[in-house]
Amino acid sequence: MGIKIIKNNKLWIEDSAIQHLEKISTLDGVVDIVGLPDLHDGKVPVGTTIKVKDKVYPYLIGNDIGCGMSLFHTHVKLKKLNMKNLIKRLENTKIQGKFSIGGGNHFAELQQIEKIYHQEDANQLYLDKKFLYVLVHSGSRNIGERIYRQYASKNVLEKDTQEMKDYLNKHQKAIEFAIENRVQIADLLMEKTKLKYNNDMIIDCIHNYIEIDNHDYYHHKGSVSSWNQFVIIAGSRGTYSYIVKCIPKEETLYSLSHGAGRKWPRYLCKGRLVGKYSHIDDLKTTTMNGKVITNQKELLYEEASEAYKNIDDVIHILLEYGCIELVARLKPMVTYKC
């Protein structure tokens, strides 16, 4: 297969990301690469899966091992919410310490089920328009960073060596911590709302890790495995996110997009948006009338919806390729990035 880009004529993908994948394809052991619709360039292109035979490249995964998204049913009824009071309770607060959200595009969001496409699957996941849900995007924090620093200078780890075994053992522990981190963030966020809640995780999907199948090592960099039954494909803070049922396809290296994917690099965002919004606080209200709570002003520009691709374009391409079935659509009510 070589390099396969999952796209159509409508979706723009930067040439630099594809050129970067071409360089990665020359690495020893690389068999196939897929660039998904959310593909964009970075230290390693995000929105890609790289299939490698008998070898692991730690730098392809980077420092946020286990980064992913979890969706929680809070059992809080929407009709009981006073959004004005809820937002006031969340403002000027932080989640910090052993468990934390992290920077960049990480977030915790209060969500509502805006639309259900497949009722039977929705019932299986306990999705109900009457209730509040929490969506958390975060990773392994300092644990992943320490592992990356230890292994980043190593070009490749060979199968059956002690070095690879040690890395994969630490990699697994980072994944486990990242999942626990998302659980704790959901609880800490809901504690700050002062609502009576009972968080139940209904979906967890990892998009920054190595998936092993016999002698093949699938390096997921901003991509989720379609061997999950259900996953979340997130939009930006002012757009929908989608819950989808996965249809594994070899053409996509059994992978799906993890979100919308960046359209603009961070350093360009403020310059392009400062003229559009008369005051920075205007960025705290989304086009869907959701609220953004953050103590990091630069993120209001860098994580604006305009900086991302259209999530619906990403979803439509995955539907065209027969990779997913739609289950439900989520609407963000509050995006918390503290």
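Refer to the structure printed above.
This one's a predicted model, so the numbers in the text were calculated from it and none came from an experiment. (Residues numbered from 1 in each chain as written. Predicted model: local features only at pLDDT ≥ 70, side-chain atom pairs only at ≥ 80, totals over all residues. Heavy atoms only, no water.)

Focus: the environment of Glu22
Positionally, Glu22 belongs in helix α1 (residues 15-24). A residue is classified by how much of its surface remains accessible, and Glu22, at 43% relative accessible area, is partly exposed. Put simply, Glu22 and Gln184 are 162 residues apart on the chain and 39 Å apart in space, counted from C-alpha to C-alpha. (Helix = DSSP H or I, 4+ residues; strand = E, 2+ residues; numbered from the N terminus. Buried < 20%, exposed > 50% of the residue type's maximum accessible area, 1.4 Å probe, protein only.)

Here's the deal with unusual backbone geometry
Located in the positive-phi region is Asp160, a residue other than glycine, with phi close to 70°. Mapped onto the secondary structure, Asp160 falls in the loop between β8 (157-158) and α6 (162-193). By relative accessible area, Asp160 is classed as exposed at 57%. Unusually for a residue other than glycine, Leu253 sits at a positive phi of about 55°. Its relative accessible area of 3% is what places Leu253 among the buried residues.

Description of the pairing of strand β11 (residues 216-221)
Judged by how many residues are buried, β11 sits mostly within the fold: six of six residues are covered. Because side chains alternate across β11, one face comprises the buried residues Asp216, Tyr218 and His220, and the other comprises Tyr217, His219 and Lys221, equally buried. Summarising the sheet, strand β3 (residues 46-53) and β11 pair through six bridges and their orientation is antiparallel. The residue of β11 that forms the bridge with Lys53 is Asp216. (Pairing = 2+ DSSP bridges.)

Thoughts on the packing of aromatic side chains
Scanning all chains against the criterion turns up four aromatic pairs. Aromatic side chains Phe99 and Phe177 sit 5.6 Å apart centroid to centroid with 10° between the ring planes, which places their arrangement in the stacked category. Here Phe99, found in the loop between α3 (83-90) and β6 (107-116), pairs with Phe177, found in helix α6; they are 78 residues apart in sequence, far enough to count as distant. Owing to a relative accessible area of 17%, Phe99 belongs among the buried residues under this scheme. With a centroid separation of 5.0 Å and 70° between ring planes, the pair formed by Tyr151 and Tyr167 is classed as edge-to-face. Pair noted here: Tyr151 is in helix α5 (residues 141-151) and Tyr167 is in helix α6, with a separation of 16 residues, a long-range link. According to the relative accessible area criterion, Tyr151 is buried, its value standing at 3%. Just above the ring of Trp264 sits the side chain of Arg272; from NZ or CZ to the centre is 5.1 Å. (Phe/Tyr/Trp six-rings, centres within 6.5 Å; stacked < 30°, edge-to-face > 60°. Lys NZ or Arg CZ within 6 Å of the ring centre and 35° of its normal.)

Quick look at the side chain of Asp313
Structurally, Asp313 is set in helix α9 (residues 311-320). Judged by its relative accessible area of 15%, Asp313 falls in the buried class. Look past the residues within four positions of Asp313 in its chain and what remains in contact with it is Lys10 and Leu11. (Contact = heavy atoms within 4.5 Å.)

A few points about the sheet that holds β11
Whether parallel or antiparallel, the strands of a sheet pair through hydrogen bonds between backbone atoms. Across the sheet, which stays open at both edges, the five strands sit in the order β1-β2-β3-β11-β10 with mixed pairing between neighbours. Edge positions in the open sheet fall to β1 (3-5) and β10 (208-213), since each of these has one partner strand only. Ignoring strand direction, the axes of neighbouring strands in this sheet form an average angle of 15°. When strand β2 (residues 30-40) meets β3, the two strands line up antiparallel, connected through six bridges. Within β3, the residue paired with Ile33 across the bridge is Ile50. Each of β1, β2 and β3 touches α1; the most contacted strand, β2, lies at about 165° to it. α6 contacts β10 and β11 of the sheet and is inclined by roughly 125° relative to β10. (Axes fitted to C-alpha atoms, helices over the stretch in contact; angles between N-to-C directions.)

What about the packing of α5 against α6?
Running from amino to carboxyl end, α5 crosses α6 at an angle of 160°, the nearest separation of the two axes being 8 Å. Taken as axis vectors, α5 and α6 run roughly antiparallel relative to one another. As for how α5 packs across α6, the hand of that crossing is left-handed. Contact residues: α5 offers Arg141, Ile143, Ile147, Gln150 and Tyr151, while α6 offers Glu163, Asp166, Tyr167, Lys170, His171, Ala174, Phe177 and Asn181. A breakdown of the residues in the contact of α5 with α6 according to their chemical character gives six nonpolar, three polar and four charged. (Parallel < 35°, antiparallel > 145°, perpendicular 65-115°, else oblique. Left-handed = near helix turned anticlockwise from the far one by under 90°. Nonpolar A, V, L, I, M, F, W, Y, C, P; charged D, E, K, R; others polar.)

Looking at the side chain of His73
Positionally, His73 belongs in strand β5 (residues 68-77). Note on His73: relative accessible area 5%, which makes it buried. A distance of 3.0 Å separates a polar atom in the side chain of His73 from the backbone nitrogen of His75. (Polar contact = N/O pair within 3.5 Å; in protein donor to acceptor, adjacent residues only side chain to side chain.)

Looking at α9
Residues spaced three or four apart along an α-helix face the same direction, because each turn holds 3.6 residues. Ile311, Asp313, Val314, Ile315, Ile317 and Leu318 are the residues of α9 that are buried. Contact partners of the buried residues in α9: β2, β13 (230-233), β14 (241-246), β15 (255-257) and β17 (324-336). Phi turns positive one or two residues past the end of α9, at Gly322, with a value near 70°.

That is the geometry; function is a separate question.
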